[in-house]
Amino acid sequence: MEGVITALVEENLLSDQRYCKAFVRSRERKLQGPVKIRAALGAKGVGGQLISEALSQPDEEWIELAAEWLQRKGFSDTGIQQRARYYRRLMNRGFSHSQAMGAIDTVIG
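In this report, we go over the structure that sits alongside the text. (Residues numbered from 1 in each chain as written. Predicted model: local features only at pLDDT ≥ 70, side-chain atom pairs only at ≥ 80, totals over all residues. Heavy atoms only, no water.)

Thoughts on the side chain of Gln82
Here is step 1 of the chain: Locating Gln82 in the fold gives a position in helix α6 (residues 80–92).
Here is step 2 of the chain: Excluding residues within four positions of it along the chain, Gln82 makes contact with Phe75 and Ser76. (Helix = DSSP H or I, 4+ residues; strand = E, 2+ residues; numbered from the N terminus. Contact = heavy atoms within 4.5 Å.)

Below, the structure written as structure tokens:
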């Protein structure tokens, strides 16, 4: 069995790096943030360096992703309580404070 795995790695048919990038893309399609994705990859035993490489997007891209989630949920600025509610929901989806606030500012522009 070990020989098969070694052969697959040598032929670049089995790659932790490709797995990590594919995992990140699938979670981005679900509109999840980098904090949640990092935790999920860590729970699967992926190394910190691979995770950092896969999540090395500019903060603006994460803000756009969070803003897309807000727009899908029909966010409209109706007051501080509404903002706080959506801020908490963005944090639970794995976005950082600055990403959540940036998304809220982007949507209410």
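Examining helix α2 (residues 16–29)
Here is step 1 of the chain: The terminal C-alpha atoms of α2 lie 20 Å apart, and with 14 residues this matches the ideal 20 Å at 1.5 Å per residue to within 8%.
Here is step 2 of the chain: For α2, the complete set of buried residues consists of Cys20, Phe23, Val24, Arg27 and Glu28. Across the axial projection of α2, the buried residues extend over an arc of 135°, all falling on one side.
Here is step 3 of the chain: If you follow the buried residues of α2, they end up packed against α3 (34–43), α4 (48–54) and α5 (59–72).
Here is step 4 of the chain: Where α2 begins, the capping side chain belongs to Ser15, and its oxygen is found 3.3 Å from the backbone nitrogen of Gln17. (Expected span 1.5 Å × (residues − 1). Buried < 20%, exposed > 50% of the residue type's maximum accessible area, 1.4 Å probe, protein only. Arc of directions from axis to C-beta. Polar contact = N/O pair within 3.5 Å; in protein donor to acceptor, adjacent residues only side chain to side chain.)

Examining the packing of α5 against α6
Two quantities define a packed helix pair, namely the angle between the helix axes and the distance between the axes.
Here is step 1 of the chain: Following both chains from N to C, one finds α5 and α6 inclined at 125°, their axes separated by 11 Å at the closest point. As summarised for this structure, α5 and α6 are arranged oblique, according to the angle between their axes. Judged by the twist between their axes, the crossing of α5 over α6 is right-handed. Within the contact between the two elements, α5 uses Ala66, Trp69 and Leu70 and α6 uses Tyr86, Arg89 and Leu90. (Axes fitted to C-alpha atoms, helices over the stretch in contact; angles between N-to-C directions. Parallel < 35°, antiparallel > 145°, perpendicular 65-115°, else oblique. Left-handed = near helix turned anticlockwise from the far one by under 90°.)

Regarding the environment of Ile63
Here is step 1 of the chain: Its place among the elements puts Ile63 in helix α5.
Here is step 2 of the chain: With 35 residues separating them in the primary sequence, Ile63 and Ser98 have C-alpha atoms 8.3 Å apart.
Here is step 3 of the chain: Those residues in contact with Ile63 that sit more than four places away from it in its chain are Ser98, Gln99, Gly102, Ala103 and Thr106.

A few points about the pattern of salt bridges
Here is step 1 of the chain: Evaluated as defined, the whole model comprises 1 salt bridge.
Here is step 2 of the chain: Across the pair Glu68 and Arg72 runs a salt bridge whose closest N-O atoms are separated by 2.8 Å. Separated by 4 residues within a single helix, Glu68 and Arg72 lie in helix α5, roughly one turn from each other.
Here is step 3 of the chain: For Glu68, a relative accessible area of 31% corresponds to the partly exposed category. (Salt bridge = Lys/Arg side-chain N within 4 Å of Asp/Glu carboxyl O.)

Let's talk about a positive patch on the surface
Here is step 1 of the chain: Positive charge collects at one region of the surface, where Lys21, Arg25, Arg29 and Lys30 lie side by side.
Here is step 2 of the chain: Here Arg25 lies in helix α2.
Here is step 3 of the chain: On the basis of relative accessibility, which here comes to 45%, the residue Arg25 falls in the partly exposed class. (Patch = residues over 30% accessible without salt bridge, like charges linked within 9 Å, V, L, I, M, F, W, Y side chains within 5 Å. Areas by Shrake-Rupley, 256 points an atom, 1.4 Å probe, with all protein chains shown as cover. Lys, Arg positive; Asp, Glu negative; His and termini not counted. Charge placed at Lys NZ, Arg CZ, Asp CG, Glu CD.)

Topic: the packing of α6 against helix α7 (residues 97–108)
Here is step 1 of the chain: Their axes nearest at 9 Å, the elements α6 and α7 cross at an angle of 135°. Considered as vectors, α6 and α7 are oriented oblique to each other. The two elements α6 and α7 cross, and the hand of that crossing is right-handed. Across from Arg83, Tyr87, Leu90 and Met91 in α6, the residues of α7 making contact are His97, Ala100, Met101, Ala103, Ile104 and Ile108.

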